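# Observations on the model geometry
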Amino acid sequence: GIQVEQSPPDLILQEGANSTLRCNFSDSVNNLQWFHQNPWGQLINLFYIPSGTKQNGRLSATTVATERYSLLYISSSQTTDSGVYFCAVTNSGGGADGLTFGKGTHLIIQP
Amino acid sequence: NAGVTQTPKFQVLKTGQSMTLQCAQDMNHEYMSWYRQDPGMGLRLIHYSVGAGITDQGEVPNGYNVSRSTTEDFPLRLLSAAPSQTSVYFCASSLDTVGKLPLHFGNGTRLTVT
């Protein structure tokens, strides 16, 4: 099946810093989503972005499907950005199926 | 609009016991799915459904059964719990029938099997 690798696995930053999280995938995809799991365990959908660029406030994401990677940018980090960020994809060759998740980037924003 | 609702939030079982994890959504979503999350593993798909009466297996289906009698509900059954099923379980739904639109998650059920 498709492989999803996220980097870095852990990231510790000071409040106000910017960060870039990367997601590499091993095959063509027709579905890519970014999620934030907060310290209470809730999973929030950040972006549905199989290709192109989207922005939502301090967060933006870019997917370059032809080169099989996606980037999540967080600007002016706040402590509430802490948590685990997951990238998840669906292989273009598959039919109805679920998302394959990476193992996540654990982000800690220190005050 | 409650979104995706999972019950219970916490559960402790003894090996061999059975139980059902409940999942309901009020968004009229066709696609529903169950994932388990283990430390360091990300989320893995257990079962999914593209509509009432239709279910299929995901990556890790062994030990779990599902059914989809209505659009709103998608329960997950453990027939004989094993310690390897200790995990956090998430139910998720999506508007389209193949799960390729944004996925919405419930708040999870933390299950411990002793």
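What you see as residue numbers is a count from 1 along each chain, following the sequence as written. For this description, chains carry letters from A and ligands carry numbers from 1, given in the order in which they are written. Thresholds applied to this predicted model are a pLDDT of at least 70 for local features of residues and 80 or more for the giving and counting of side-chain atom pairs; totals over whole chains, interfaces and linings are not thresholded and use all residues. Only hydrogens and water are set aside when side-chain values are computed; all heavy atoms of the structure are taken into account.

### Concerning the overall build of chain A
Helix and strand counts for chain A stand at zero helices and 11 strands. Helices (α) and strands (β) of chain A occur, in sequence order from the N terminus, as β-β-β-β-β-β-β-β-β-β-β. Our radius of gyration looks at C-alpha atoms and nothing else; its globule reference is 2.2 Å times the residue count to the power 0.38. Scaling as 2.2 N^0.38, a compact globule of 111 residues should have a C-alpha radius of gyration of about 13 Å, and chain A matches this with 14 Å. Across its three principal axes, chain A shows a C-alpha extent of roughly 45 × 25 × 20 Å. The helix count covers DSSP runs of H or I at least four residues long, the strand count covers runs of E at least two residues long, and both are numbered beginning at the N terminus.

### Topic: the nonpolar core
Of all hydrophobic cores here, the largest spans 21 residues; its most connected members are Phe25(A), Leu32(A), Trp34(A), Leu72(A), Cys87(A), Val89(A) and Leu107(A). Note on contacts: a residue pair is in contact if any heavy atoms of the two residues lie within 4.5 Å. In contact with Leu107(A), not counting residues within four places along its chain, are Leu11(A), Leu13(A), Ile74(A), Asp81(A), Ser82(A), Gly83(A) and Tyr85(A). Nine residue types can take part in a nonpolar core, namely buried Ala, Val, Leu, Ile, Met, Phe, Trp, Tyr and Cys, and a core is a set of them joined through side-chain atoms within 4.5 Å. Relative accessibility thresholds used throughout: buried, under 20% of the residue-type maximum; exposed, over 50%; partly exposed, between the two (1.4 Å probe, protein chains only).

### Things to note about the pattern of salt bridges
Residue and element names in this part refer to chain B. One speaks of a salt bridge when a side-chain nitrogen belonging to Lys or Arg is within 4 Å of a carboxyl oxygen belonging to Asp or Glu. In this structure the tally under the stated criterion is three salt bridges over all chains. A salt bridge links Arg36 to Asp38; the shortest N-O distance between them is 3.0 Å. Accessibility assignment for this pair places Arg36 and Asp38 in one class, buried. The partner of Arg44 in a salt bridge is Asp38, with the nearest N and O atoms 2.8 Å apart. Judged by relative accessible area, Arg44 falls into the buried class, the value being 18%. Among the charged side chains, a salt-bridge network with shared partners connects Arg36, Asp38 and Arg44.

### Quick look at the interface of chain A and chain B
Between chain A and chain B, the contact holds 21 residues from the first and 20 residues from the second. Where chain A abuts chain B, roughly 1,600 Å² becomes buried across the two surfaces, and 57% of that area is made up of carbon and sulfur atoms. Seen at the junction of chain A and chain B, the total is zero salt bridges. The definition of a polar contact used here is a pair of N or O atoms within 3.5 Å, where within protein one atom must be able to donate a hydrogen and the other to accept one, and adjacent residues in sequence count solely through side-chain atom pairs. Run the count over chain A and chain B and you get five residue pairs in polar contact (both at pLDDT 80 or more). Tallying contributions element by element places strand β4 (residues 29–37) of chain A first for the side of chain A that touches chain B, with five residues. Values labelled buried area give the accessible surface lost by two parts on being combined, using a 1.4 Å probe and summing over both.

### Some details on the sheet that holds strand β3 (residues 19–25) of chain A
All names here are of chain A. What the five strands build is an open sheet, ordered β1-β3-β8-β7-β6; its pairing is antiparallel. Lying at the two open borders of the sheet, with one neighbouring strand each, are β1 (4–7) and β6 (52–56). If you compare each strand with its neighbour and ignore which way they point, the axes differ by 15 degrees on average. The pairing criterion for strands is at least two bridges between them, as found by DSSP. Here β1 runs beside β3; their pairing, made up of four bridges, is antiparallel. Paired with Val4 across the two strands is Phe25, which belongs to β3. Angles run from 0 to 180 degrees between N-to-C directions of axes, and those axes are lines fitted to C-alpha atoms, restricted for helices to the stretch in contact.

### Concerning unusual backbone geometry
Residue Pro8(A) is bonded to the preceding Ser7(A) through a cis peptide linkage, with omega at -10 degrees. With respect to the secondary-structure elements, Pro8(A) resides in the loop between β1 and β2 (10–14). A cis geometry characterises the amide bond from Thr7(B) onward to Pro8(B), with omega recorded as -5 degrees. Position of Pro8(B) among the secondary structure elements: in the loop between β1 (4–7) and β2 (10–13). In this model, Asn28(B) sits at a positive phi of 60 degrees, which is unusual for a non-glycine residue. The topology assignment puts Asn28(B) in the loop between β3 (19–25) and β4 (31–38).

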